[in-house]
Amino acid sequence: MKKPIITVLILFLLLPGLFLFTYMKGKVEARQMKKEIFSYVLENQDTLASNNPEDYQEFPYTVTGFSDAGVEYGYYYFPDDKYHFSGRAYGNGYLQYGKPNNGEDWYYYEQICKNWYYYEEHFG
């Protein structure tokens with residue numbers, strides 16, 4: 001009878017640590033993606049938009065997790081740099097909560113430099 005109680009106690013003690021580890025791993029991953037994207041765009045901004053410099057262009061960078069419970073990271077270009085910010089100020093950018101029935105939970109975007117913006121689209 002003592003083994004089930006010990007097993008339950010061990011699980012009870014380990015689960016919070018597992019959740020904390022998963023949360024921190026996600027934060028580190030997001031910070032790393034943002035750093036990579038900012039660096040890449042700042043180094044290559046002149047050539048990235050050269051295909052069509054008069055139009056909006058979006059560049060998905062990577063997706064982590066699953067299609068119904070993950071994050072898409074990327075960047076986009078606005079030729080006139082007159083992006084209309086919506087949502088609420090959050091950190092150095094803006095946070096916008098998702099739209100019903102499209103699977104998006106929330107969306108974060110931030111200006112990298114003139115005409116260039118970073119985004120995170122969170123699902124699930």
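Residues numbered from 1 in each chain as written. Predicted model: local features only at pLDDT ≥ 70, side-chain atom pairs only at ≥ 80, totals over all residues. Heavy atoms only, no water.

Another point: a nonpolar patch on the surface. A cluster of nonpolar side chains, contributed by I6, I10 and L14, occupies part of the molecular surface with about 290 Å² of accessible area. Summarising the element assignment, I6 is placed in helix 1 (residues 2–48). I6 sits in the partly exposed class, given a relative accessible area of 47%. (Patch = residues over 30% accessible without salt bridge, like charges linked within 9 Å, V, L, I, M, F, W, Y side chains within 5 Å. Areas by Shrake-Rupley, 256 points an atom, 1.4 Å probe, with all protein chains shown as cover. Salt bridge = Lys/Arg side-chain N within 4 Å of Asp/Glu carboxyl O. Helix = DSSP H or I, 4+ residues; strand = E, 2+ residues; numbered from the N terminus. Buried < 20%, exposed > 50% of the residue type's maximum accessible area, 1.4 Å probe, protein only.)

Structurally, M33 can be placed in helix 1. Taking the C-alpha atoms as reference points, M33 and G74, separated by 41 residues in sequence, lie 8.8 Å from one another. Not counting chain neighbours up to four residues away, the residues in contact with M33 comprise Y61, T62 and Y73. (Contact = heavy atoms within 4.5 Å.)

Using the criterion set out here, one finds 1 salt bridge in the structure. Salt-bridge contacts for K34 lead to E110; the nearest nitrogen and oxygen are separated by 2.7 Å. Remark: E110 occurs in strand 5 (residues 104–113) and K34 occurs in helix 1; sequence separation between them is 76 residues.

Grouped together as the largest cluster of nonpolar side chains are 17 residues, with contacts concentrated most on I37, V41, Y73, Y75, I112, W116 and Y118. Secondary structure elements with two or more residues in this core: helix 1, strand 2 (69–77), strand 5 and strand 6 (116–123). Broken down by element, the residue count for this core peaks at 6 residues, all from helix 1. If we ignore the near neighbours within four places in the chain, the residues touching Y118 are A30, K34, I37, F38, Y73, G74, Y75, Y108, Y109, E110 and I112. (Core = buried A, V, L, I, M, F, W, Y, C linked by side-chain atoms within 4.5 Å.)

Another aspect to go through is the environment of E72. By secondary structure assignment, the location of E72 is in strand 2. Judged by relative accessible area, E72 falls into the buried class, the value being 17%. In this structure the C-alpha to C-alpha distance between E72 and P60, which are 12 residues apart in sequence, comes to 7.1 Å. Aside from chain neighbours lying at most four places away, what touches E72 is E58, P60, T62, V63, Y119, E120 and E121.

Considering all chains together, one arrives at 17 aromatic pairs under this definition. With centroids separated by 5.7 Å and ring planes inclined at 80°, the aromatic side chains of Y76 and F78 adopt a geometry described as edge-to-face. For F78, a relative accessible area of 16% gives the class buried. Centroid distance Y94 to Y109: 5.9 Å. Interplanar angle 25°. Geometry classified as stacked. Remark: Y109 occurs in strand 5 and Y94 occurs in strand 4 (residues 93–97); sequence separation between them is 15 residues. According to the relative accessible area criterion, Y94 is partly exposed, its value standing at 27%. Its relative accessible area of 0% is what places Y109 among the buried residues. Of the aromatic side chains, those joined through ring pairs into one cluster are Y56, Y76, F78, Y94, Y107, Y109, Y117 and Y119. (Phe/Tyr/Trp six-rings, centres within 6.5 Å; stacked < 30°, edge-to-face > 60°.)

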